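So you can see what is in the structure, the chains are spelled out below.
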Amino acid sequence: MNAIELLTHDHETVKKLLADLSATTERAVKKRSELLARLEQELQIHTTIEEEIFYPALRKVGGKEDEKMYYEAKEEHRTVDSLVLPDLLQTQPDTVEFAGRVKVLKELLEHHIEEEEGEMFPRAQELFDKAALDELGQAMQAQKKLLKGDRRAA
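An account of the accompanying structure is given in this report.

Conventions and cut-offs
Residues numbered from 1 in each chain as written. Predicted model: local features only at pLDDT ≥ 70, side-chain atom pairs only at ≥ 80, totals over all residues. Heavy atoms only, no water. Helix = DSSP H or I, 4+ residues; strand = E, 2+ residues; numbered from the N terminus. Rg over C-alpha atoms; globule rule 2.2 N^0.38 Å. Contact = heavy atoms within 4.5 Å. Areas by Shrake-Rupley, 256 points an atom, 1.4 Å probe, with all protein chains shown as cover. 1 Å grid on protein atoms, 1.4 Å probe; cavity = no way out; pocket = protein on both sides within 12 Å on 5 of 7 lines; lining within 4 Å. Points joined across faces, edges and corners; volume = space filled by probe spheres on them. Nonpolar A, V, L, I, M, F, W, Y, C, P; charged D, E, K, R; others polar. Expected span 1.5 Å × (residues − 1). Bend = angle between axes of the 7 residues up to and from the residue. Buried < 20%, exposed > 50% of the residue type's maximum accessible area, 1.4 Å probe, protein only. Phe/Tyr/Trp six-rings, centres within 6.5 Å; stacked < 30°, edge-to-face > 60°. Core = buried A, V, L, I, M, F, W, Y, C linked by side-chain atoms within 4.5 Å.

## Side note on the overall build of the protein
Link 1 in the chain: Summing up its helical and strand segments, the protein has five helices and zero strands in all.
Link 2 in the chain: Across the protein, helices and strands are ordered from the amino to the carboxyl terminus as α-α-α-α-α.
Link 3 in the chain: For the protein, the C-alpha radius of gyration of 16 Å lies close to 15 Å, the compact-globule estimate for 154 residues.
Link 4 in the chain: Reported as C-alpha extents along the three principal axes, the dimensions of the protein are approximately 50 × 35 × 20 Å.
Link 5 in the chain: A separation threshold of at least 6 residues defines the contact pool for the protein, and within that pool the share at least 24 residues apart is 76%.
Link 6 in the chain: Surface exposure of the protein reaches about 8,600 Å², of which carbon and sulfur atoms provide 51%.

Written out as structure tokens, the structure is:
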């Protein structure tokens, strides 16, 4: 899988988890907790491989506009990782407040995914040849396996 295919696949996984989480009610405490835990893990791994491998590679070969995209994407990650997700993790799953926070998280992530897939990925396809995208994809896949192993050991 090349870098863009891998990240797009991750996006599909995150969107499915968000849809499933959004469809739950206050009575589905166990299901909400399980879905949120899976979502948190997927987001942490995805964010790490983007910020450690994909974004720096794109920034290195791109121009000023690419650098703006890089910083905007990192700021969107920070908003989710430092503000929205921690608040959601501290919210009781059997509340209406939980549903509201899931909705905000879903909107933020859908916006971020839309920008990456609509602007950043096409730009990456312009800047990198097939071999470079394949190489980035392999590096990201290896890092992903490593991170999943770390999470299981923890």
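## Here's the deal with empty space enclosed by the protein
Summary: where empty space remains is shown by rolling a probe the size of a single water molecule over the atoms.
Link 1 in the chain: Summed over all chains, the structure comprises two cavities of 30 Å³ or more.
Link 2 in the chain: Roughly 130 Å³ of volume is contained in the largest cavity.
Link 3 in the chain: As for the largest cavity, its lining consists of 13 residues, of which Leu43, Thr47, His77, Leu109 and His112 are closest to the centre.
Link 4 in the chain: Of all elements in the fold, only helix H1 (3–22), helix H2 (29–61), helix H3 (64–89) and helix H4 (96–127) reach the threshold of two or more residues within the lining of the largest cavity.
Link 5 in the chain: Tallied by class, residues from the lining of the largest cavity come to six nonpolar, five polar and two charged.
Link 6 in the chain: Space inside the second largest cavity adds up to approximately 70 Å³.
Link 7 in the chain: For the second largest cavity, the full set of lining residues is Met69, Glu72, Ala73, Glu76, His112, Glu115, Glu116, Glu119 and Met120.
Link 8 in the chain: Mapped onto the lining of the second largest cavity, the elements with two or more residues apiece are H3 and H4.
Link 9 in the chain: Among the elements that make up the lining of the second largest cavity, the one with the highest residue count is H4 (five residues).

## Regarding H4
Link 1 in the chain: Counted at 1.5 Å a residue, the expected span for H4 with its 32 residues is 46 Å, and the 45 Å between its end C-alpha atoms agrees.
Link 2 in the chain: Maximal helix bending in H4 amounts to about 35°, located at Glu116.
Link 3 in the chain: Among all positions in H4, only Phe98, Val102, Leu105, Leu109, His112, Ile113, Glu116, Met120, Phe121 and Ala124 are buried.

## Considering the packing of aromatic side chains
Link 1 in the chain: Tallied over the entire structure, the rule returns four aromatic pairs.
Link 2 in the chain: Between the aromatic rings of Phe54 and Phe121, the centroid separation amounts to 5.8 Å while the plane-to-plane angle is 90°, which identifies the pairing as edge-to-face. Taken together, the positions of Phe54 in helix H2 and Phe121 in helix H4 put the pair 67 residues apart, joining distant regions of the chain.
Link 3 in the chain: The class of Phe54 is buried, set by a relative accessible area of 0%.
Link 4 in the chain: Geometrically, the ring pair formed by Tyr55 and Tyr70 is edge-to-face, given 6.3 Å between the ring centres and 75° between the ring planes. Here Tyr55, found in helix H2, pairs with Tyr70, found in helix H3; they are 15 residues apart in sequence, far enough to count as distant. Grouping residues by exposure puts Tyr55 and Tyr70 together as buried.
Link 5 in the chain: An aromatic cluster is present here, built from Phe54, Tyr55, Tyr70, Tyr71 and Phe121 joined pairwise through their rings.

## Focus: the nonpolar core
Link 1 in the chain: In terms of nonpolar packing, the biggest core is built from 22 residues, with Leu7, Phe54, Met120, Phe128, Leu136 and Met140 touching the most fellow members.
Link 2 in the chain: For this core, the secondary-structure elements that each account for two or more residues are H1, H2, H3, H4 and helix H5 (130–153).
Link 3 in the chain: By residue number, the principal contributor to this core is H2, which donates seven residues.
Link 4 in the chain: If we ignore the near neighbours within four places in the chain, the residues touching Leu136 are Ala3, Ile53, Phe54, Ala57 and Phe128.
Link 5 in the chain: The next biggest cluster of nonpolar side chains, apart from the first, holds 16 residues, and it includes Leu21, Leu43, Val80 and Leu88.

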